[in-house]
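Secondary and tertiary structure notes
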Amino acid sequence: MHHAFAMSSGMRGRRRMSDALPAFAGSTGDNIIRSFETYEDYLDSQITATDLFYLSDLDLARQLVELGYRSNAAIMTRNQFIAQKDALEQARLQALQKIPKKIFSAGKDFSDLPFLKALADREKTVRQGSLAVSCH
């Protein structure tokens, strides 16, 4: 258990993670969120095979990473991870709504095809969400 002693002696003098947490905003936080599906995946990325060899417990290794005892790097908390993931998803959805929707019937002549002409006449309002069309 020499390794456990070395880790516990290194814990003295460390700040609690709640003190002066970094704001994981911008590209750094976004890169973290895009790289990992879950918070556990993020924590696992900080764990080495050596950590698992000495600790023999993945949950314990995750807790050490989460508490900041694994490295000197700032570790994103679960709440920060979830908030950043939600913010990134909201930004993605807003960007999708701002993309102009292409009108596929634009510039096409449907004068010989009355059914397609009727659909083309309604396409813009359907794409805007103000009209629904059901074809039977």
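Structure: see above.
Residues numbered from 1 in each chain as written. Predicted model: local features only at pLDDT ≥ 70, side-chain atom pairs only at ≥ 80, totals over all residues. Heavy atoms only, no water.

**A few points about the overall build of the chain**
- Along the chain, the regular secondary structure elements total 7 helices and 0 strands.
- In the chain, the succession of α and β elements from N to C terminus is α-α-α-α-α-α-α.
- In the chain, which comprises 136 residues, the share counted as buried stands at 20%.
- Across the chain, the fraction of contacts at a sequence separation of at least 24, relative to all contacts at a separation of at least 6, is 57%.
- When the accessible surface of the chain is summed, it comes to about 10100 Å², and 56% of that surface belongs to carbon and sulfur atoms. (Helix = DSSP H or I, 4+ residues; strand = E, 2+ residues; numbered from the N terminus. Buried < 20%, exposed > 50% of the residue type's maximum accessible area, 1.4 Å probe, protein only. Contact = heavy atoms within 4.5 Å. Areas by Shrake-Rupley, 256 points an atom, 1.4 Å probe, with all protein chains shown as cover.)

**Remarks on the nonpolar core**
- Ranked by internal contacts, the top residues of the largest apolar core, which has 13 residues, are I32, Y42, L43, M76 and F81.
- Residue assignment for this core shows that the elements contributing at least two residues are α2 (26–35), α3 (39–44), α5 (58–66) and α6 (78–98).
- Among the elements that line this core, the one with the most residues is α3, at 3 residues. (Core = buried A, V, L, I, M, F, W, Y, C linked by side-chain atoms within 4.5 Å.)

**Quick word on a nonpolar patch on the surface**
- Judged by side-chain polarity, L93, L96 and I99 come together as a nonpolar surface patch covering roughly 250 Å² of accessible area.
- The residue L93 is located in helix α6 in this model. (Patch = residues over 30% accessible without salt bridge, like charges linked within 9 Å, V, L, I, M, F, W, Y side chains within 5 Å. Salt bridge = Lys/Arg side-chain N within 4 Å of Asp/Glu carboxyl O.)

**Considering the packing of aromatic side chains**
- Within the structure shown, the criterion is met by 5 aromatic pairs.
- Counting every residue linked through ring pairs, the aromatic cluster contains F36, Y39, Y42 and F81. (Phe/Tyr/Trp six-rings, centres within 6.5 Å; stacked < 30°, edge-to-face > 60°.)

**Observations regarding the pattern of salt bridges**
- Under the criterion given, the structure shown has 5 salt bridges.
- Note that R92 is salt-bridged to E89, the shortest N-O span being 2.7 Å. Taken together, the residues R92 and E89, both in helix α6 and 3 residues apart, mark about one turn of the helix.
- For R92, a relative accessible area of 43% puts it in the partly exposed group.

**Some words on the environment of T125**
- Mapped onto the elements of the fold, T125 is located in helix α7 (residues 114–128).
- Once residues within four sequence positions are removed from consideration, T125 is found in contact with S130 and L131.

**Observations concerning α6**
- Taking 1.5 Å per residue, 21 residues should reach 30 Å; α6 reaches 30 Å between its end C-alpha atoms and fits that length.
- Residues of α6 that are buried: Q80, F81, Q84 and L88. Buried residues of α6, viewed axially, fall in a sector of 100 degrees; they line one side. Among the exposed residues of α6, those oriented more than 90 degrees off its buried face are N79 and Q97. (Expected span 1.5 Å × (residues − 1). Arc of directions from axis to C-beta.)

**Focus: the environment of L43**
- By the element assignment, L43 lies in helix α3.
- Taking the C-alpha atoms as reference, L43 lies 6.9 Å from E66; in sequence the two are 23 residues apart.
- Sequence-distant contacts of L43, defined by excluding residues within four places in its chain, comprise R62, V65, E66 and I75.

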